[in-house]
Amino acid sequence: MSSRALVALAIAYALTVHAAAPTFYPDDPIQVDDDRAFDASGARPIEGSNVFDFAEHTFFKRGDRRDVRARNVNTVDEVPDSTWFTNRMGRIRMSVEEIVRGPNRFDTLNIDDWPLVQEKSSGITPGYRVTDPSGHLYQVKFDPPLHPEMASGAEVIGAAVYHALGYNVVEGYIIEVDPARITIAPGATTVDMSGRRRSLRRDDVDRILARAARLPNGRYRATLSRFAEGRPVGYFKYYGTRPDDPNDIHPHEHRRELRGNRVFSAWLNHDDSRGINSLDMLEGREGRRYIRHYMFDFGSIMGSGSTMAQVPRAGNEYILEWAPALKTLASLGLYVRPWITVDYWEGAKSVGRFEGAFFDPIAWRPEYPNPAFDNMRGDDAFWAARLVARFTDEVIRAIVAKARYSEPGAAEHVADTLIARRDKVLRAWLTAVNPIAEPQLSAGGVFTFENSAVTAGVATAPTAYVLTWSRFDNATGSSVGDSIEMRVTDPRASVPRELLAGSEYLTAEVQTLHPDYSNWRLPVTLTFRRAGSAWQAVGIERAAAPR
Amino acid sequence: MRVLLVLALGFGLQASAEARSLTLEAGNPKPKAQDEPATRAVLLRREREEKSRQLTPADPSRVERLLLDLENGRLFERLLNPAEGFYPRIGNISAGSGISFGPAYRRPGLFGGHADFSSFAAASFQGYWMADARMRMPRLAGETASIDIHAQRYEFPDENFFGLGPESRREDHVTFGLRNSIVGGTGAVHPTRWLAIGGGFDYLAPRISTTGDGRRIGVRFGDADAPGLGSRRDFVRFEAFADLNYREPRGNPRRGGRYALALQRFDDTADNRYSFSRVEADLQQYISLLRDRRVLALHAFVSTSDVDAGHEIPFYLQRTLGGPDDLRGFRRFRFRDRHMLLLQAEYRWEIFTAVDGAIFYDAGRVASRVEDLNPNGLESDYGIGFRFGTRNGVFLRVEGAFGSAGGKHFIFRFGHVF
């Protein structure tokens, strides 16, 4: 082979490699990440230790902490449907009734005479498990005696919110248990203090009920949770992937919906949002099994501490946070953590410590560090905040009504606080990045978009938008030819005709000029692909300031 | 030409490296150089296919497995406060016992749920031991009445004695052994959750040992300056009490108070030489600051004894001051006499969940005459410490006490001070 031929081959190879990495594939942006493709039958249950989970996240930094974009977003910066997340109110218009119903398939349930098969074996809330007439398993969890309706109210509100957001949650119902209609199944068991399993007796039931809130009618209010379909295989951690699940390829600390959960958790004060409070279920048919990932246990959100009102520290500081602790120690207590002086509404026992005046969504903390939360960037938070914005006042009040608070003022306080906290979440996170969204390019070249912060009413209209248009080469991933800059004051512009003609891909870098938000100058890069006579938005990449 | 070839290949390799780099940086998986997939879905499928060939079972670390076993076995609960069954008891059985260990058993809900049984036997490396069994019926008459029946036997082989009175000298330090058996019962009515009024009786059989290691009491003291030293007596103790207790939470109070008054009568069952009466008041007040994150805790305890004509109070039944629970800057039982006054103040501040700091000041004195129980001439100390536990109780406290004539003292003790 001659030298010229070798050179030609080498150049051809180089160009091939260079051209082998298109930025956008024909199926971009994908709407579904098919993470059921490979059989996960080999997955085995993973049990989690509360103490280990606390210690490993408090004393060590787990997971990949690089400041990188979420791994599982599609090219328009959204989360495709998967076994982790199903776009619901983020993609479709849900009626108020659908949002309130959440995952539930029944309006109400009555468990009179359903056989009790086992005392609840984990967690601090008293309860037990029953089976319905078809044999399906349910868990009953009671409210604490000093705070009737608190934990059960929090549970159903949290489940409805998380379901509407897109997470997998189990069905949950508020029920009243008649102690005279509790039936103990033959073979029902409990675990004694020595850790030994033994037969469950009536006095065990009485012991459980002694720790439960008794209603004036002699019944006990509780949450009834239906066990999810499939076989439990433990829980997921907020970092890494399951080594026994072939479909789990995105490190959890880089999953958008887990990073963004920090925003939702802050909104609801879900300080117990940790891996231990998740559930992995093996579903599907033989040879095609896959793992579905659930969020569960919302009984300690919104100021509920499950068995008592939540401690004031919750949401404001980790259980063990060195800086404030050392300041308090060294000053002999003269240093006062700001959250200590917060006043809480005490008008109803069914409401825990839940307030919106002091709440700071950026400073909010779970019980201990969470790798995915720590990795949350401005673009992750923006995605989450846009979902929170879908919860209108009407929707929030309807969801709160599901808790059936009986004390005067309780529902109003919970709803008002959720609304106040929602507004703070939107102000914090819709403005943290350049809030350009919903880009559209008509066949005639009219470009429109939304400023989500302005739409949500948390920011005034900007001074101007600076648009820089150029052709885009999908093979090389770079702009081609001259770019054209224009400045508009409204979220609407006409694309220069000279760029439209003959282009397969167009990009617009959008900078937003606002006197209050200098970070909005960081551009959002939008990419459109010609689709027949129309244009399809295929790329949204939001430059985010370093964490 | 070769240069061109190298440059071209180099460019190709660089482009390939950039593609991999983009994969990492941009977040979205990018294709590999060869065998380019046609769609994003295929690309993701290939990643999963590759992982499916490398599956391994989840392998928790040894530490995680150990902790999980401990949690599943409820070991922490069994150690700290089990509801029922056998468990190891770890703690102090008296002021000078050191850490003691032993088996314990608890069985609630006996007799139709009315009675709770508990018992333990514990011993320390210092040779102290105690066995205790009691049956409590706390839920009688709709939880407005309670009965407690108990039996206890203990031996404390190395108790301090410095002589009687506030002027006793450190250099007179001797030790004695005390063995006691107690059987008795208490009954109370509870008109409200925070008030108990009741009474009880105990049969006591204390025995003093003057033999053993070190400088024992018999070397320096006799019956004249250590009443009861030379005789064996059994006693019947009668008690009436009122206890107003509205502390919150009870195990580690942040607010509220406790005001208890007890009238006791000790009758010598033999020749009636050591009978006496005693009145004791225990006052505690907790002032909550900054939503319970700071607490000013105040404690006053006064005990006065009235001796029948011609009688004495055995030295081992006299009230003492000094040690980890009262005058913390002094050796245990440093002062001993018929009457006693103790004043304590603590400023407690929460450092973080389950750990409090405390600065304290203790003052007190003993006296042979009740009129000498006045604020003048009190022995005192101050110190600083940490308490480990929860809102429901202090599991452990570590303190340093200073500023007294008794020197510096380091305290490592299970349970709260008051």
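The shown structure was predicted, so the numbers you read here are calculated from the model rather than taken from an experiment. (Residues numbered from 1 in each chain as written. Chains lettered and ligands numbered in written order. Predicted model: local features only at pLDDT ≥ 70, side-chain atom pairs only at ≥ 80, totals over all residues. Heavy atoms only, no water.)

Visitor: Got a sec to walk through the overall build of chain A? Specific residues and values, please.
Guide: When helices and strands are counted, chain A shows 14 helices and 18 strands. The C-alpha atoms of chain A give a radius of gyration of 26 Å, which matches the 24 Å a tight globule of 547 residues would have. Projecting the C-alpha coordinates of chain A onto the three principal axes gives extents of approximately 90 × 60 × 50 Å. Taken across its 547 residues, chain A has 59% of its residues classed as buried. Within chain A, residue pairs in contact and separated by at least 24 positions form 72% of the contacts whose partners lie at least 6 positions apart. For chain A, the accessible area works out to roughly 21600 Å², and carbon and sulfur atoms hold 54% of it. (Helix = DSSP H or I, 4+ residues; strand = E, 2+ residues; numbered from the N terminus. Rg over C-alpha atoms; globule rule 2.2 N^0.38 Å. Buried < 20%, exposed > 50% of the residue type's maximum accessible area, 1.4 Å probe, protein only. Contact = heavy atoms within 4.5 Å. Areas by Shrake-Rupley, 256 points an atom, 1.4 Å probe, with all protein chains shown as cover.)

Visitor: Hey, could you go over the overall build of chain B for me, with residue numbers and the actual values?
Guide: Broken down by element type, chain B carries six helices and 19 strands. Over its C-alpha atoms chain B spans a radius of gyration of 32 Å, topping by over 25% the 22 Å that the globule rule assigns to 418 residues. Its C-alpha atoms give chain B principal-axis dimensions of about 125 × 55 × 45 Å. Taken across its 418 residues, chain B has 48% of its residues classed as buried. Contacts spanning at least 24 positions in sequence make up 54% of the contacts within chain B whose residues lie at least 6 apart. Roughly 20200 Å² of accessible area belongs to chain B as shown, and the carbon and sulfur atoms make up 59% of that amount. Counting 58 positive and 52 negative side-chain charges, chain B places the centres of these two groups 5 Å from one another. (Lys, Arg positive; Asp, Glu negative; His and termini not counted. Charge placed at Lys NZ, Arg CZ, Asp CG, Glu CD.)

Visitor: Could you give me a rundown of the packing of aromatic side chains, with the residues and numbers involved?
Guide: With the rule as written, the count across this model stands at 44 aromatic pairs over all chains. On the basis of an interplanar angle of 55° and a centroid distance of 5.5 Å, the ring pair of F85(A) and W383(A) is categorised as tilted. Of this pair, F85(A) sits in the loop between α2 (50–59) and α3 (96–101) while W383(A) is found in helix α10 (residues 378–388), placing the two residues 298 residues apart along the sequence. This pair shows no difference in class: F85(A) is buried, exactly as W383(A) is. Here the aromatic rings of F315(B) and Y316(B) are separated by 5.4 Å at their centres, their planes lie at 80°, and the arrangement is edge-to-face. Taking relative accessible area as the criterion, Y316(B) reaches 9% and is therefore assigned buried. Following the ring pairs from residue to residue traces out a cluster consisting of F85(A), Y162(A), Y167(A), F264(A), F298(A) and W383(A). In this structure, R328(B) packs its charged tip against the face of F360(B), placed 3.7 Å from the ring centre. (Phe/Tyr/Trp six-rings, centres within 6.5 Å; stacked < 30°, edge-to-face > 60°. Lys NZ or Arg CZ within 6 Å of the ring centre and 35° of its normal.)

Visitor: Summarise the pairing of strand β5 (residues 183–191) of chain A; cite the residues concerned and give the values.
Guide: Strand direction decides the pairing type here: strand β1 (residues 115–119) of chain A and β5(A), joined by three bridges, are parallel. Residue pairing across strands places L116(A) opposite I184(A), the latter belonging to β5(A). (Pairing = 2+ DSSP bridges.)

Visitor: An account of the domain arrangement of chain A is requested, with residue identities and associated values reported.
Guide: Residue and element names in this part refer to chain A. For chain A, the assigned domains read domain 1 (31–428) and domain 2 (436–542). A straight line from the C-alpha centre of domain 1 to that of domain 2 covers 39 Å. With 12 residues of domain 1 at the interface, the matching set in domain 2 holds 13 residues. A combined buried area of about 940 Å² lies between domain 1 and domain 2, and 54% of that area is made up of carbon and sulfur atoms. Applying the counting criterion to the domain 1 and domain 2 interface returns four salt bridges. Between R69 and E541 there is a salt bridge, with the nearest N and O atoms lying 3.8 Å from each other. At the junction of domain 1 with domain 2, the criterion picks out five residue pairs in polar contact (both at pLDDT 80 or more). Within the side of domain 1 that touches domain 2, the residues separate by chemical class into three nonpolar, one polar and eight charged. (Domains from an automatic or database assignment. Buried area = accessible area lost by both parts, 1.4 Å probe. Salt bridge = Lys/Arg side-chain N within 4 Å of Asp/Glu carboxyl O. Polar contact = N/O pair within 3.5 Å; in protein donor to acceptor, adjacent residues only side chain to side chain. Nonpolar A, V, L, I, M, F, W, Y, C, P; charged D, E, K, R; others polar.)

Visitor: Pulling in residues and values, what's your account of the sheet that holds strand β17 (residues 524–531) of chain A?
Guide: Residues and elements named next belong to chain A. In space, the five strands of this open sheet follow the order β14-β13-β16-β17-β18, with antiparallel pairing throughout. The open sheet has two edge strands with one neighbour each: β14 (478–488) and β18 (534–542). Strand-to-strand twist in this sheet, taken as the mean axis angle between neighbours without regard to direction, amounts to 25°. (Axes fitted to C-alpha atoms, helices over the stretch in contact; angles between N-to-C directions.)

Visitor: How would you summarise the sheet that holds β1(A) if you had to cite specific residues and measurements?
Guide: Residues and elements named next belong to chain A. If you walk across this open sheet you meet the seven strands as β4-β7-β3-β2-β1-β5-β6, and the pairing is mixed. Strands at the two margins of the open sheet, each flanked by one partner only, are β4 (172–177) and β6 (197–199). The mean inter-strand angle of the sheet, taken between neighbouring strand axes irrespective of direction, is 30°. Relative to strand β7 (residues 220–226), helix α4 (residues 150–165) is tilted by about 30°, and along the sheet it contacts β3 (137–142), β4 and β7.

Visitor: Provide a residue-level description of the pattern of salt bridges, including the pertinent values.
Guide: Two side chains bearing opposite charge may form a pair once their charged atoms approach each other closely. Residues and elements named next belong to chain A. Within the structure shown, the criterion is met by 87 salt bridges over all chains. Note that D64 and R66 form a salt bridge whose closest N and O atoms lie 2.9 Å from each other. For D64, a relative accessible area of 24% gives the class partly exposed. The class for R66 is partly exposed, based on a relative accessible area of 36%. A salt bridge links R69 to D77, with the nearest nitrogen and oxygen atoms 3.1 Å apart. Salt bridges sharing partners connect three or more residues here, namely D67, R69, D77, R256, R259, R377, D379, D380, E541, R542 and R547.

Visitor: I'd love a proper account of the environment of R88(A), names of residues and values included.
Guide: Residue and element names in this part refer to chain A. Checked against the element boundaries, R88 lands in the loop between α2 and α3. A sequence separation of 286 residues divides R88 from D374, and the C-alpha atoms of the two residues are 26 Å apart. Those residues in contact with R88, other than ones at most four positions away along the chain, are M94, H163, A164, G166, Y167 and N168. Reaching out from R88, the side chain makes a polar contact with the backbone oxygen of Y167 at a distance of 2.9 Å.

Visitor: Tell me about the side chain of S100(B), and name the residues and values.
Guide: Residue and element names in this part refer to chain B. Note on placement: S100 falls in strand β2 (residues 100–109). A relative accessible area of 0% places S100 in the buried class. When residues no more than four places from it in sequence are discounted, the contact partners of S100 are R89, I90, G91, N92, I93, A122, A123 and S124.

Visitor: Which residues make up the packing of helix α7 (residues 261–268) of chain A against α10(A), and what values do they have?
Guide: Residues and elements named next belong to chain A. Where α7 meets α10, the closest approach of the two axes is 8 Å, and the angle between their N-to-C directions is 45°. By the angle between their directions, the pair α7 and α10 is classed as oblique. Taken together, the residues of α10 that come into contact with α7 (itself represented by V263, F264 and W267) are A381, W383, A384, A385, L387 and V388. Each residue belonging to the contact of α7 with α10 can be placed in one class, and the counts come to nine nonpolar, no polar and no charged. (Parallel < 35°, antiparallel > 145°, perpendicular 65-115°, else oblique.)

Visitor: Go over a nonpolar patch on the surface, please, and point to the residues and values.
Guide: All names here are of chain B. Together, I287, L289, L290, L296 and L298 make up an exposed nonpolar region whose accessible area comes to about 330 Å². Of all the secondary-structure elements, those providing two or more residues to the nonpolar patch are β11 (276–289) and β12 (294–307). Within the secondary structure, L298 is located in strand β12. (Patch = residues over 30% accessible without salt bridge, like charges linked within 9 Å, V, L, I, M, F, W, Y side chains within 5 Å.)

Visitor: I'd like to hear about helix α2 (residues 40–52) of chain B, residue by residue, with values.
Guide: Residues and elements named next belong to chain B. The terminal C-alpha atoms of α2 lie 18 Å apart, and with 13 residues this matches the ideal 18 Å at 1.5 Å per residue to within 8%. Every buried residue of α2 is listed here: R40, L43, L44, R48 and K51. Buried residues in α2, looked at end-on, bunch into an arc of 135°, giving them a common side. (Expected span 1.5 Å × (residues − 1). Arc of directions from axis to C-beta.)

Visitor: Any details on the confidence of the model for chain A? Residues and values, ideally.
Guide: Put simply, chain A has an average pLDDT of 93, and 96% of its residues get 70 or more. Note that residues 1–19 of chain A has pLDDT below 50 and, in this model, 26 contacts with residues that lie over four places away or in other chains. (pLDDT = per-residue confidence, 0-100.)

Visitor: An account of the confidence of the model for chain B is requested, with residue identities and associated values reported.
Guide: Detail in the predicted coordinates should be disregarded across regions flagged by low pLDDT. The pLDDT averaged across chain B works out to 89; a share of 91% of its residues lies at or above 70. The low-confidence segment residues 1–27 of chain B, where pLDDT is below 50, has 38 contacts with residues more than four positions distant or belonging to other chains.

Visitor: Explain the pairing of strand β10 (residues 288–295) of chain A residue by residue, including any values.
Guide: Residue and element names in this part refer to chain A. The buried count for β10 comes to six of eight residues, which makes it a mostly enclosed element. As judged from the eight bridges shared by strand β9 (residues 278–285) and β10, these two strands associate in the antiparallel manner. Bridge pairing in β10 links M281 to R292. The turn linking β9 back onto β10 is made up of two residues, and G287 within it adopts a positive phi angle of 85°.

Visitor: I'd like a rundown of the side chain of R254(B), residues and numbers included.
Guide: Residue and element names in this part refer to chain B. Checked against the element boundaries, R254 lands in the loop between β9 (235–245) and β10 (256–268). Polar contacts involving the side chain of R254 include one to the side chain of D356, which spans 3.0 Å. Setting aside chain neighbours within four positions, we find R254 in contact with E248, P249, Y286, I287, S288, D292, V295 and D356.

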